[in-house]
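Report on the structure
Okay, here's what each chain looks like letter by letter:
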Amino acid sequence: MKNIFKFFLSSIAALGILISSAQADSIRIGTEGAYPPWNAKDESGKLIGFEVELANWLCIYMKADCTLVEQDWDGMIPGLIMRKYDAIMAGMSITDERMKTINFSQGYADEVASLAVMKGSPLEGMDTPKAINLSTGGGNAKKALKTLTAALAGKTIGVQTATIHQNFLESGDVGSVKVRTYKTQDEVNLDLAAGRIDAALAAAVAFTDYAEKSGKPVVLVGPTFSGGAFGNGVGVGIRKDDTDLLKRFNNAINTARKNGKISELATKWFGFDASM
Amino acid sequence: MDLMIESLPRLLKATKLTIELTLLSLFFGIFVGIFFAILRTSKNKILFFISYYYSYILRGTPLLVQIFIIYFGLGQVEWIRESFLWIVLKEPYSCAIIAFTLNTGAYSSEIFRSAFETINKGIVEAAEGLGLNKVNTFFKIKLPIAIKQSLPAYGNEMILMLKGTSLASTVTLLDLTGVAKHIISTTFRPVEVFIVAGSIYLIMTFIIHNFIKFLEKKYKYN
């Protein structure tokens, strides 16, 4: 009897060691799979995109056994906190608001946001600079926001829910536009093409990618946006208490930046070097 | 706890839209339901089949799929966008009402149909014997009995419809669920917000439940 008991105890202990060692080297990464070219799915349902390939590279470098976990965008941060996965790589911009809840690695890529309309829209041909930075733009940015406020008054603008784009529109920087929120960027694109919304705001590549694939006459208007509510690039989201994992990701990203891997992947997926 | 109290006013404000969607859909749904229930008792084969397949398809597919087809699906068809239908279909509000009405109409038609079928033939014969014509027999005898018979099942359908309106948030409407998700998107704390939203749904269900109970008592045979 005593022996059996001992056997049980030791096997439980062995199991415990097995599990904990497996945990040490396995990282689950949450991604959306619906925000090309950052992360998307091919026709067979396989995850593809810039972040999917970058995650693979980082994991090999970290000697970690990674699994990608699909998660709807609006539950992305709650899912991380509830330990459904250990890191987020989902085109998530580093913002002060999110930093209150989670940590971010250093940014690995950055690209600008832009408004898009259908060809022939009265919003085409707005007189604004090509690009504004809300953090450093100063008077130039203020003037552009004024032009935008006047042009967008009373217009309905579609955005994906819980994004920097929604935050920007609701910040009052462009007056009180009517904001319509969608679960995915695909749905924003569909309603823009259907004419239910006057304009949409998202990463500029999200629109150019859609225009290219669907053949719909979607065009970018106004300035491209960065800084301020648009955050400081895209990084890996990690729980506040996971400081070790944060260090590992920062190390890996640093190496990938120095050896040109991020540039290479960014150029492949975005058509330009979006690395940072 | 703070978040629960903070989010309560916004959620209550959004409850107005949820109630509106529920009541309007149920209101239109009753007429759709009675209409198709009558078609089902028709001896005309075509009318019977229309009613049968309407109910079969609408009850056999998820409400989420129906609302997506009406909102995103029809929005892709160019001739619909160029026709007068687009005035109605352009708005997420009317798309939601149409989807909910068609859905609850299908379930209601089944409830009313079975209620009509349980009416004792003797009662109808007695009415005819007293010299009531067909229209009077229907409105004064058959319909009141059928409504009474269908109350428990219809109460259930009302509750299902109330909860079904949460899908309005998938077509950008800011109903109770929509606003709850909106608050979560900035606070990242789903549990607290959904507990408050869930409690509001529960209170509304409680009211419907007791309303039906009250009606059942009122129209009880003695």
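Note that the structure is predicted; figures quoted are calculated from it, not measured.

In terms of regular secondary structure, chain A is built from 10 helices and 13 strands. The C-alpha extent of chain A, read off along each of the three principal axes, is 85 × 35 × 35 Å. For chain A, the proportion of its 276 residues judged to be buried stands at 46%. Intrachain contacts of chain A at a sequence separation of at least 6 include 71% that bridge at least 24 residues.

So, about the overall build of chain B. Each helix and strand counted, chain B has 10 helices and 0 strands in total. From first element to last, N terminus to C terminus, chain B shows the α and β order α-α-α-α-α-α-α-α-α-α. Overall, the C-alpha framework of chain B stretches about 70 × 50 × 25 Å when taken along its three principal axes. The buried share among the 222 residues of chain B stands at 35%. Residue pairs in contact within chain B that sit at least 24 positions apart in sequence constitute 76% of those at least 6 positions apart.

This brings us to the pairing of strand β1 (residues 26-31) of chain A. Residue and element names in this part refer to chain A. For β1 and strand β4 (residues 65-70), the ladder comprises 6 bridges, and the chain directions are parallel. For Ile 29, the partnering residue across the bridge sits in β4 and is Leu 68. Two elements, β1 and strand β5 (residues 87-88), share 2 bridges in a ladder whose sense is parallel. Across the sheet, residue Gly 30 finds its bridge partner in β5, namely Ile 88.

A few words on the interface of chain A and chain B. Every contact between the two is made by 17 residues of chain A and, on the other side, 12 residues of chain B. Contributing elements (two or more residues each) for the side of chain A that touches chain B: α3 (76-81), β10 (178-182) and α7 (185-194) of chain A. Per-element accounting of the side of chain A that touches chain B gives the leading share, 4 residues, to α7 of chain A.

Turning to the sheet that holds strand β13 (residues 237-238) of chain A, a few remarks are in order. By way of backbone hydrogen bonds, the strands of a sheet pair with one another, either parallel or antiparallel. All names here are of chain A. The 5 strands lie next to each other as β4-β1-β5-β13-β6, forming an open sheet whose pairing is mixed. With partners counted over all chains shown, the strands left at the sheet margins are β4 and β6 (103-104), one partner each. Strands β1 and β4 of the sheet are contacted by helix α2 (residues 50-61), whose axis makes an angle of about 155° with β4.

All names here are of chain A. One open sheet holds the 6 strands; their spatial order is β8-β12-β7-β11-β9-β10, and the pairing between them is mixed. Of all strands in the sheet, those bounded by a partner on one side alone are β8 (131-133) and β10. Taken over all neighbouring pairs, the strand axes of this sheet differ in orientation by 30° on average, direction set aside. Here 3 bridges tie β8 to strand β12 (residues 218-226), and the two strands are oriented parallel to one another. Note that in β12 the partner of Asn 133 across the bridge is Ser 226. Against the sheet, helix α5 (residues 139-152) touches β8, β9 (156-160) and β12, its axis set at about 115° to β8.

Let us look at the environment of Ser 83 of chain B. Checked against the element boundaries, Ser 83 of chain B lands in the loop between α4 (78-82) and α5 (85-89). For Ser 83 of chain B, a count of 11 C-beta atoms within 10 Å corresponds to the exposed category.

Averaged over every residue, the pLDDT of chain B is 93; residues scoring 70 or more account for 99%. Overall fold confidence for the complex sits at a pTM of 0.84, while the interface term, ipTM, reaches 0.84.

To continue, consider the pairing of strand β7 (residues 113-118) of chain A. As a general feature of sheets, a regular strand has side chains that alternate between the two faces. Residues and elements named next belong to chain A. The buried fraction of β7 is high, at 5 of 6 residues. Pairing of β7 with strand β11 (residues 199-203), which is carried by 4 bridges, proceeds in the antiparallel orientation. Paired with Ala 116 across the strands is Ala 200, a residue of β11.

We now examine the packing of helix α1 (residues 2-40) of chain B against helix α6 (residues 92-117) of chain B. Residues and elements named next belong to chain B. Between α1 and α6, whose axes approach to 6 Å, the crossing angle comes to 45°. In terms of axis orientation, α1 runs oblique to α6. For the element pair α1 and α6, the recorded crossing hand is right-handed. Within the contact of α1 with α6, the residues separate by chemical class into 14 nonpolar, 8 polar and 2 charged.

Attention shifts here to helix α8 (residues 134-164) of chain B. Residues and elements named next belong to chain B. Between the first and last C-alpha of α8 there are merely 37 Å, a value that for 31 residues lags more than 12% behind the 45 Å anticipated at 1.5 Å per step. Taking the largest bend as the criterion, α8 deviates by roughly 60°, centred on Leu 151, and proline Pro 152 comes between one and four positions later. By the burial criterion, the buried members of α8 are Lys 142, Ala 146, Ser 150, Tyr 154, Glu 157, Met 158, Met 161, Leu 162 and Gly 164. In this structure, the buried side of α8 is in contact with α1, α3 (63-73), α6, α7 (121-129) and α10 (190-218).

Rules used in this analysis
Residues numbered from 1 in each chain as written. Chains lettered and ligands numbered in written order. Predicted model: local features only at pLDDT ≥ 70, side-chain atom pairs only at ≥ 80, totals over all residues. Helix = DSSP H or I, 4+ residues; strand = E, 2+ residues; numbered from the N terminus. Buried ≥ 20, exposed ≤ 12 C-beta atoms within 10 Å, placed from the backbone. Contact = placed C-beta atoms within 7 Å. Pairing = 2+ DSSP bridges. Axes fitted to C-alpha atoms, helices over the stretch in contact; angles between N-to-C directions. pLDDT = per-residue confidence, 0-100. Parallel < 35°, antiparallel > 145°, perpendicular 65-115°, else oblique. Left-handed = near helix turned anticlockwise from the far one by under 90°. Nonpolar A, V, L, I, M, F, W, Y, C, P; charged D, E, K, R; others polar. Expected span 1.5 Å × (residues − 1). Bend = angle between axes of the 7 residues up to and from the residue.

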